[in-house]
Amino acid sequence: MEKTFEPASVEARLYRGWEQSGAFAANPESSASPYTIMIPPPNVTGSLHVGHALTMTLQDIFVRFRRMQGRDVLWQPGTDHAGIATQMVVERLLDKEGVSRKQLGRETFLSRVWQWKAESGGTITQQLRRLGASPDWARERFTMDDGLSDAVREVFCTLFEQGLIYQDKRLVNWDTVLGTAISDLEVESRETKGHMWHIRYPVDGGEEIIVATTRPETMLADTAVAVHPENEKFKHLIGRHVVLPLTERRIPIIADEYADPEKGTGAVKITPAHDFNDFEVGKRHGLPMPSMLDRQGKVTLAELGELPEFVRSLEGKDRFVARKEIVAELEARELLVEVKPHPHTVPHGDRSGSVIEPLLTTQWYCNAWVLAQPAIKAVENGDIKFVPQQWENTFFAWMRDIQPWCISRQLWWGHRIPAWYDESGKVYVARTEAEAQAQAGEGVKLAQDEDVLDTWFSSALWPFSTLGWPEKTPELEKYYPTDTLVTGFDIIFFWVARMIMMGMHFMGDVPFRTVYIHGLVRDEKGQKMSKSKGNVLDPLTLIDAYGADALRYSVAAAAGQGRDVKLGQKIVENNRAFITKIWNAARFLEMNGVKPNPAFRPEEAKLPLCRWILAQTNEAVAAGTAALDAFQVSAYAQSCYRLVWDNFCDWFIEFAKPGFATDDAAEIRDTAAYVLGVLLRLMHPLIPYVTEELWDYFGYGPECSLINAPWPKEIWPDSEAKGKAALDSVEVQMIMNMISEVRTVRSEMNVPPSVKSPLLFKDIDNFTWGLVNRWHEAFSRMARAAEIERLSGEVPKAAAQVILPDATIVLPLEGLIDFDAERKRLANALAKAQSELSKVEHKLANADFVARAPEEVLMEHQDRLRNFGEEVKRLEAALARIS
């Protein structure tokens with residue numbers, strides 16, 4: 001074997017071997033039970049980020065585990081056409097050429113997008129290979145390939161025919177830069193230092209109402225002023241009118257509970273065409289809904305009627321320019337009462353960065369409420385389970401208050417809406433243009449709708465469109481419903497809920513049985529990663545530096561259910577040591593003649609050491625399997641770690657070293673080879689590269705065969721056999737405990753590793769003394785014992801003691817350490833730890849701090865509380881030993 005494991009020289013070769021051998025492929029004709037995961041399709045524009053590294057590692061662990069269990073695994077890969085993101089990428093490229101999308105025209109522009117996809121759109125899938133992901137690449141789909149486009153048209157037309165898709169004029173999130181409606185997920189709220197303008201609205205016939213607003217420009221389209229019906233201050237004004245400043249239009253004063261008496265002045269200007277809350281108030285009261293901004297965010301007066309000269313002068317001006325001029329005019333007319341600084345959140349487009357404008361436009365909508373009812377029931381009755389279960393509450397909260405879904409976008413890249421209009425504006429929805437023409441009649445001139453569908457519309461069909469629907473395919477028959485969906489909590493509504501709605505409606509069954517929701521990836525301190533903080537990690541850089549296995553282990557070990565994942569370069573670097581430990585252990589075994597023996601029967605092992613490591617392996621297999629069945633990935637990773645690092649490397653191999661030169665060598669070698677084979681299979685879903693390389697090298701199977709090797713079974717499946725194995729390994733555990741305690745004392749007392757000290761056993765019974773003698777060599781070597789004796793007299797001065805159930809171990813330390821200096825060092829360290837513990841306790845006892853501190857800061861303080869508490873206990877015990 002090579003001295004070190006070099007991932008860069010191994011990973012590409014092994015991945016190529018797996019892929020070329022067909023190891024990733026599903027087989028619809030197989031009689032094996034299916035196990036299906038649909039990959040959340042990454043954007044075709046995307047590059048691998050740490051979020052991908054987490055979710056794809058988790059999915060790959062599940063599919064490799066089930067594949068080794070003999071299931072017919074389909075991990076369906078593919079990418080999303082990502083309407084806005086992709087169109088922006090190509091438009092930027094065109095900008096560099098000095099040409100615009102509109103200059104090219106729709107057809108030429110779309111051909112350029114397809115050209116870009118062919119040249120650059122496969123980046124993310126190649127990067128997923130670097131991570132070791134094992135989906136069935138031969139079945140890769142794209143949300144705009146022919147088959148999925150057929151499915152989109154079929155769903156749209158069917159829902160339209162059922163009255164569940166329709167056109168309506170409602171408020172949408174409008175991006176004035178991109179010129180399209182966008183979803184809530186594409187809106188990010190930014191803290192902004194704004195202002196609150198208090199404006200005097202004269203009441204017709206006398207009096208006035210002061211209205212406070214952060215957007216004075218929209219007052220041009222105000223159609224009412226609302227006050228709370230029980231607000232005594234304004235109750236007498238309800239039903240009267242105000243004269244809207246600047247426009248001189250009369251608008252009513254209405255009573256609505258939306259107006260909070262405790263907020264602002266208690267009176268609210270109502271602009272139904274430019275505010276989501278105002279829109280609902282406007283609907284309740286039947287108010288007019290004129291717009292005063294166009295799709296570019298410029299003032300338009302077309303819907304406002306006759307207007308004074310100043311207001312007419314605002315036509316065509318940018319909304320923020322108009323704001324300044326309106327405020328100046330209000331001030332000049334003494335209608336501006338006051339201006340207060342007002343920090344508040346303002347919605348921005350996550351891609352354009354522009355301030356989002358609520359805009360009243362005619363769009364295509366889907367009746368999500370009707371589709372949501374079966375989806376809600378599917379979760380309520382347990383047909384779909386969320387893991388962790390608490391995410392059901394988020395699902396229900398969204399679904400039970402679901403609004404009409406705006407499914408149209410004013411883009412060119414995407415699924416063009418299958419609707420055609422005649423010259424009178426009548427709409428014809430059809431699967432093809434020929435069908436639409438047949439509906440309209442021969443000779444009627446038709447033009448197709450310019451808009452495309454929301455990207456989430458096609459994504460909602462992913463679990464069945466990728467399997468060939470609307471055709472009845474063998475894949476659809478076998479792999480739907482799928483088994484597990486793995487995704488983040490941020491798209492439970494945008495994607496997960498919509499897949500359930502569409503699956504229930506078109507397939508009559510749930511799209512998946514379990515939804516496993518993982519957390520966010522944060523930095524080592526628990527802070528959210530962002531470019532501005534400079535803490536963003538590139539997973540490919542980490543793979544280049546430390547290998548894919550180290551990165552996979554790092555995210556999996558930290559992926560506790562319901563918890564965010566802390567990740568940093570140092571964490572991955574430290575976890576590379578785990579991969580190195582496995583390699584070094586295997587190399588040591590190879591040098592000592594260890595190789596697989598097919599004739600070895602583990603249940604017939606005789607040596608206590610061998611029975612013990614076999615029992616530990618048995619427990620690890622049981623724990624690891626149970627953890628993966630329960631989606632407890634971090635617990636699975638921990639069971640692998642304990643078996644390899646703690647039991648196999650630190651104890652079994654260390655105990656076994658002299659045994660390779662004794663009559664026990666054959667059983668030790670066979671046991672070591674057997675356990676190595678089991679742990680390679682157990683860990684393969686977690687760290688596939690190093691395990692496959694060792695599997696192949698030691699000859700456990702043909703090259704690249706570990707991926708399809710059977711999942712390890714328990715050696716002693718029945719409780720009686722397990723009990724016997726446990727009894728046989730008791731003495732090994734006793735020796736381990738004694739050696740560990742001696743090592744702890746030596747470490748606490750700062751005894752140099754090179755210095756040996758006597759070990760004296762006091763109050764030890766004959767059975768335990770017999771064990772100590774049988775393991776004399778191990779004690780001498782591993783506990784650094786100069787001599788081992790039974791103590792019958794008094795305990796020597798200057799000695800540390802370890803009290804165990806079966807004996808007291810005495811370590812004479814006179815001459816080895818300076819006791820006074822050591823007591824002083826320990827006392828100082830204890831005082832410092834106690835002081836730090838007190839500070840953390842004081843902070844966490846402060847209710848105000850706990851209420852205001854960000855989650856990552858609280859988590860950091862709780863970690864410090866636990867760590868300082870443990871340190872105080874350790875130092876107190878160390879002082880007690882030499883007092």
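A brief look at the structure comes next. (Residues numbered from 1 in each chain as written. Predicted model: local features only at pLDDT ≥ 70, side-chain atom pairs only at ≥ 80, totals over all residues. Heavy atoms only, no water.)

### With respect to the side chain of S705
Note the threshold: Strands are runs of DSSP state E lasting at least 2 residues, helices are runs of H or I lasting at least 4, and numbering of each runs from the N terminus. Working rule for contacts: check all heavy atoms of both residues, and any pair within 4.5 Å makes them a contact.
Relative to the assigned elements, S705 resides in the loop between helix 24 (688-698) and helix 25 (719-728). Look past the residues within four positions of S705 in its chain and what remains in contact with it is E692, W695 and D696.

### Structural notes on the environment of I199
As for its position among the elements, I199 is in strand 7 (residues 187-202). The spatial distance from the C-alpha of I199 to the C-alpha of R333 is 11 Å, given a sequence separation of 134 residues. Those residues in contact with I199 that sit more than four places away from it in its chain are I209, I210, V211, T213, P216, M219, P245, L330, L335, L336 and V337.

### Quick word on the environment of T744
Defined as follows: Burial status follows relative accessibility: with a 1.4 Å probe on protein chains alone, a residue under 20% of its type maximum counts as buried, one over 50% as exposed, and anything between as partly exposed.
Structurally, T744 is set in helix 26 (residues 730-748). For T744, a relative accessible area of 34% gives the class partly exposed. With 597 residues separating them in the primary sequence, T744 and G147 have C-alpha atoms 65 Å apart.

### Side note on the packing of helix 6 (residues 123-131) against helix 18 (residues 539-546)
Let me state the cut-off plainly: Whenever a helix is involved, its axis is fitted only over the stretch in contact; in every case the axis is a line through C-alpha atoms, and angles between N-to-C directions fall within 0 to 180 degrees. Here a crossing is called left-handed whenever its near helix is offset anticlockwise from the far helix by less than a right angle, and right-handed whenever the offset is clockwise. Classification used: nonpolar for Ala, Val, Leu, Ile, Met, Phe, Trp, Tyr, Cys and Pro, charged for Asp, Glu, Lys and Arg, polar for all others including Gly.
In contact at an axis separation of 10 Å, helix 6 and helix 18 are set at 35° when each is read in the N-to-C sense. Handedness of the crossing formed by helix 6 with helix 18: left-handed. For the pair helix 6 and helix 18, the contacting residues are Q127, R130 and L131 in the first and L540, I543 and D544 in the second. In terms of residue class, the contact of helix 6 with helix 18 is built from 3 nonpolar, 1 polar and 2 charged.

### Thoughts on the pairing of strand 26 (residues 757-762)
Let me state the cut-off plainly: Between any two strands, pairing holds if DSSP finds at least two bridges.
With 5 bridges connecting them, strand 26 and strand 27 (residues 785-791) associate as parallel partners. Bridge pairing in strand 27 links L760 to E789.

### A word on the pattern of salt bridges
The cut-off we apply is this: For salt bridges, the criterion is a side-chain nitrogen of Lys or Arg within 4 Å of an Asp or Glu carboxyl oxygen.
Inspection of every chain in the model, using the stated rule, returns 52 salt bridges. Note that D483 and R71 form a salt bridge whose closest N and O atoms lie 3.7 Å from each other. Placement of D483 in strand 22 (residues 482-488) and of R71 in the loop between helix 2 (50-68) and strand 2 (72-76) is noted, with a sequence separation of 412 residues between them. Where R522 meets D564, a salt bridge forms, and the shortest distance between an N and an O atom there is 2.6 Å. Residue R522 is found in strand 24 (residues 521-522), and its partner D564 is found in the loop between helix 19 (548-557) and strand 25 (565-566); the two are separated by 42 residues along the sequence. For the pair R522 and D564, a shared accessibility class is recorded, and that class is buried. Each member of the salt-bridge network shares a partner with another, and the members are R215, E217, R319, R323 and E357.

### Points about unusual backbone geometry
With an omega of -5°, the peptide bond between V387 and P388 qualifies as cis. Relative to the assigned elements, P388 resides in the loop between strand 15 (385-387) and helix 12 (391-399). For the bond running from Y480 to P481, omega is 0°, close enough to zero to count as cis. Here P481 is to be found in the loop between helix 16 (474-479) and strand 22.

### Focus: the nonpolar core
Under the convention used in this document: We define a nonpolar core as any set of buried Ala, Val, Leu, Ile, Met, Phe, Trp, Tyr and Cys residues linked to one another through side-chain atoms lying within 4.5 Å.
M502, F655, F761 and F779 are the most contacted members of the largest nonpolar core, which has 209 residues in total. Broken down by element, this core gets its largest block of residues, 13 residues, from helix 22 (residues 633-656). When near neighbours in sequence (up to four residues on either side) are disregarded, F761 contacts M738, W769, V772, F779, I788, E789, R790, L791, A807, T808 and I809. Grouped together as the second largest cluster of nonpolar side chains are 34 residues, V203, M219, F234 and L237 included.

### Observations regarding the packing of aromatic side chains
In this description, a pair of aromatic rings is defined by centroid distance and the angle of the planes. The test is simple: A pair of Phe, Tyr and Trp rings is counted when the ring centres sit within 6.5 Å of each other, with Trp represented by its six-membered ring. The angle between the planes then sorts it: under 30 degrees is stacked, over 60 is edge-to-face, the rest tilted.
Within the structure shown, the criterion is met by 40 aromatic pairs. Taking 5.2 Å as the distance between ring centres and 40° as the angle between the ring planes, the aromatic pair formed by F5 and W583 counts as tilted. In this pair, F5 sits in the segment before helix 1 (7-20) while W583 sits in helix 20 (residues 569-591), placing the two residues 578 residues apart along the sequence. Both residues of the pair, F5 and W583, count as buried. Taking the centre distance of 5.8 Å and the plane angle of 85° together, the rings of F761 and F779 count as edge-to-face. With F761 in strand 26 and F779 in helix 28 (residues 776-782), the pair connects residues that are 18 residues apart, well separated along the chain. In this pair, the class of F761 matches that of F779, namely buried. Feature note: the residues F156, F160, W364, W405 and F457 constitute an aromatic cluster, connected by ring pairs.

### Quick look at the environment of D454
Relative to the helices and strands, D454 is located in the loop between strand 21 (452-453) and helix 14 (455-459). You can call D454 buried: its relative accessible area is 3%. As a C-alpha pair, D454 and A181 span 273 residues in sequence and 9.2 Å in three-dimensional space. Ignoring sequence-local partners within four residues, the contact set of D454 consists of W405, C406, I407, R409 and R498.

### Brief notes about the sheet that holds strand 9 (residues 224-227)
The sheet built from 4 strands is open, its strands ordered 10-11-9-12 with mixed pairing. Single-partner strands in this sheet number two, and they are strand 10 (241-244) and strand 12 (267-270). Geometrically, the sheet is characterised by an average inter-axis angle of 30° between neighbouring strands, direction not taken into account. With 3 bridges joining them, strand 9 and strand 11 (residues 249-255) adopt parallel strand pairing. Directly across from V225, in strand 11, lies its bridge partner I253.

### A closer look at the sheet that holds strand 26
Adjacent strands of a sheet pair through backbone hydrogen bonds, lying either parallel or antiparallel. Strand order across the open sheet formed by 4 strands is 27-26-29-28, with mixed pairing between neighbours. Every other strand in the sheet has two partners, leaving strand 27 and strand 28 (799-803) as the edge strands with one partner each. Each strand axis lies, on average, 20° off the axis of its neighbour in the sheet, ignoring direction. Strands strand 26, strand 28 and strand 29 (808-812) of the sheet are contacted by helix 26, whose axis makes an angle of about 35° with strand 29. Along the sheet, helix 27 (residues 766-774) contacts strand 26 and strand 27; its crossing angle with strand 27, the most-contacted strand, is approximately 160°.

### Re helix 5 (residues 106-120)
Note the cut-off: Expected span, for any helix, means 1.5 Å times one less than how many residues it has. What the arc covers is the set of directions going from the helix axis to the C-beta atoms.
Helix length check: helix 5, at 15 residues, gives a terminal C-alpha distance of 21 Å against a target of 21 Å (1.5 Å per residue), a fit within 8%. Of all the positions in helix 5, only R106, F109, L110, V113 and W116 are classed as buried. One face of helix 5 carries all of its buried residues, which in axial projection span an arc of 115°. Across helix 5 from its buried face, at more than 90 degrees, point the exposed residues E107, A118 and E119. Here the buried face of helix 5 lies against helix 3 (83-97), helix 4 (101-104) and strand 21.

### Remarks on the side chain of Q127
Mapping Q127 onto the fold places it in helix 6. Not counting the four nearest positions on each side in its chain, Q127 is found in contact with S47, L48 and L540.

### Concerning the packing of helix 21 (residues 608-629) against helix 22
Any two packed helices are characterised by the angle at which their axes cross and by the distance between the axes. Quick reminder of the rule: Put simply, angles under 35 degrees are roughly parallel, angles over 145 are roughly antiparallel, angles from 65 to 115 are roughly perpendicular, and the rest are oblique.
Packing of helix 21 against helix 22 brings their axes to within 8 Å, and their N-to-C directions diverge by 170°. When the axes of helix 21 and helix 22 are compared, the pair comes out roughly antiparallel. Between helix 21, through L609, W612, I613, Q616, T617, A620, A623, G624, A627 and L628, and helix 22, the contact on the second element is made entirely by A635, Y636, S639, L643, N647, F648, W651, F652, F655 and A656.

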